[in-house]
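Report on the structure
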Amino acid sequence: MIRRHVVVRGFVQGVFFRDAVRRLASSLGVSGWVRNTRDGAVEAVFEGEPDSVARLVDFCRRGPRGARVDDLELSEEIVEGLSGFSIR
């Protein structure tokens, strides 16, 4: 199990970014959360198997159709043992 924290900047709000991340995370068995930030970014935490988390991070680098990703900040964090995936 690994945990990654991502912040995605660009045109990422109002394009179903959070819902697309939630659906993919659920299908991959990854726990965590995703939310919009006040400055127009999308922030997320992913906990799960390394390959599944890597797929989510790769998706965030592109985003769903209609999104434009200009920057992605990625950091490692200590696994907390989250369960389920939520939109905050």
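A quick note: this is a predicted structure, and the numbers were derived from the prediction, not measured.

All right, on to the overall build of the chain then. Summing up its helical and strand segments, the chain has two helices and five strands in all. Relative to its length of 88 residues, the chain is compact, with a C-alpha radius of gyration of 12 Å against a globular reference of 12 Å. Taken along its principal axes, the extent of the C-alpha atoms in the chain is 30 × 25 × 20 Å. A burial count over the chain gives 43% of its 88 residues as buried.

Let's shift gears to the pairing of strand E1 (residues 2-11). In terms of residue burial, E1 counts as a mostly covered element, since seven of its ten residues are buried. With nine bridges connecting them, E1 and strand E4 (residues 68-77) associate as antiparallel partners. Pairing of Val6 across the sheet is with Leu74, part of E4.

Glancing now at the packing of aromatic side chains. Aromatic rings in a pair are described by how distant their centres are and how their planes are angled relative to each other. Counting across every chain of the model gives two aromatic pairs. For the ring pair Phe17 and Phe59, a centre distance of 6.3 Å and an interplane angle of 50 degrees mean the geometry is tilted. Here the residue Phe17 occupies a position in helix H1 (residues 17-28), and Phe59 occupies one in helix H2 (residues 50-62), the gap between them amounting to 42 residues. Here Phe17 matches Phe59 in class, with each residue buried. Ring centres 6.1 Å apart and planes at 20 degrees place the aromatic pair Phe46 and Phe85 in the stacked group. Pair noted here: Phe46 is in strand E3 (residues 42-48) and Phe85 is in strand E5 (residues 85-87), with a separation of 39 residues, a long-range link. Since its relative accessible area comes to 13%, Phe85 is described here as buried.

A separate point is the nonpolar core. Counting 23 residues, the largest nonpolar core has Val6, Phe17, Val21, Phe46 and Cys60 as its most contacted members. At the level of secondary structure, the elements contributing two or more residues to this core comprise E1, H1, E3 and H2. Dropping the residues within four chain positions of it, Phe17 is found in contact with Val8, Val12, Val42, Cys60, Gly63, Pro64, Ala67 and Val69.

So, on to the environment of Ser83. In this fold, Ser83 is placed in the loop between E4 and E5. Ser83 gets classed as exposed once you look at its relative accessible area, which sits at 69%. Distance from Ser83 to Ser31, taken between C-alpha atoms, is 5.2 Å for residues 52 residues apart in sequence.

Okay, the pattern of salt bridges next. Scanning the entire structure with this criterion turns up eleven salt bridges. Put simply, Asp19 and Arg23 hold a salt bridge, and the shortest N to O gap is 3.0 Å. Remark: Arg23 and Asp19 occur in helix H1; sequence separation between them is four residues, near one turn of the helix. Between Glu43 and Arg35 there is a salt bridge, and its shortest N-O distance comes to 2.7 Å. With relative accessibility at 30%, the residue Arg35 sits in the partly exposed group.

What counts as what
Residues numbered from 1 in each chain as written. Predicted model: local features only at pLDDT ≥ 70, side-chain atom pairs only at ≥ 80, totals over all residues. Heavy atoms only, no water. Helix = DSSP H or I, 4+ residues; strand = E, 2+ residues; numbered from the N terminus. Rg over C-alpha atoms; globule rule 2.2 N^0.38 Å. Buried < 20%, exposed > 50% of the residue type's maximum accessible area, 1.4 Å probe, protein only. Pairing = 2+ DSSP bridges. Phe/Tyr/Trp six-rings, centres within 6.5 Å; stacked < 30°, edge-to-face > 60°. Core = buried A, V, L, I, M, F, W, Y, C linked by side-chain atoms within 4.5 Å. Contact = heavy atoms within 4.5 Å. Salt bridge = Lys/Arg side-chain N within 4 Å of Asp/Glu carboxyl O.

Read these as layout, nothing more, since geometry by itself doesn't imply function.
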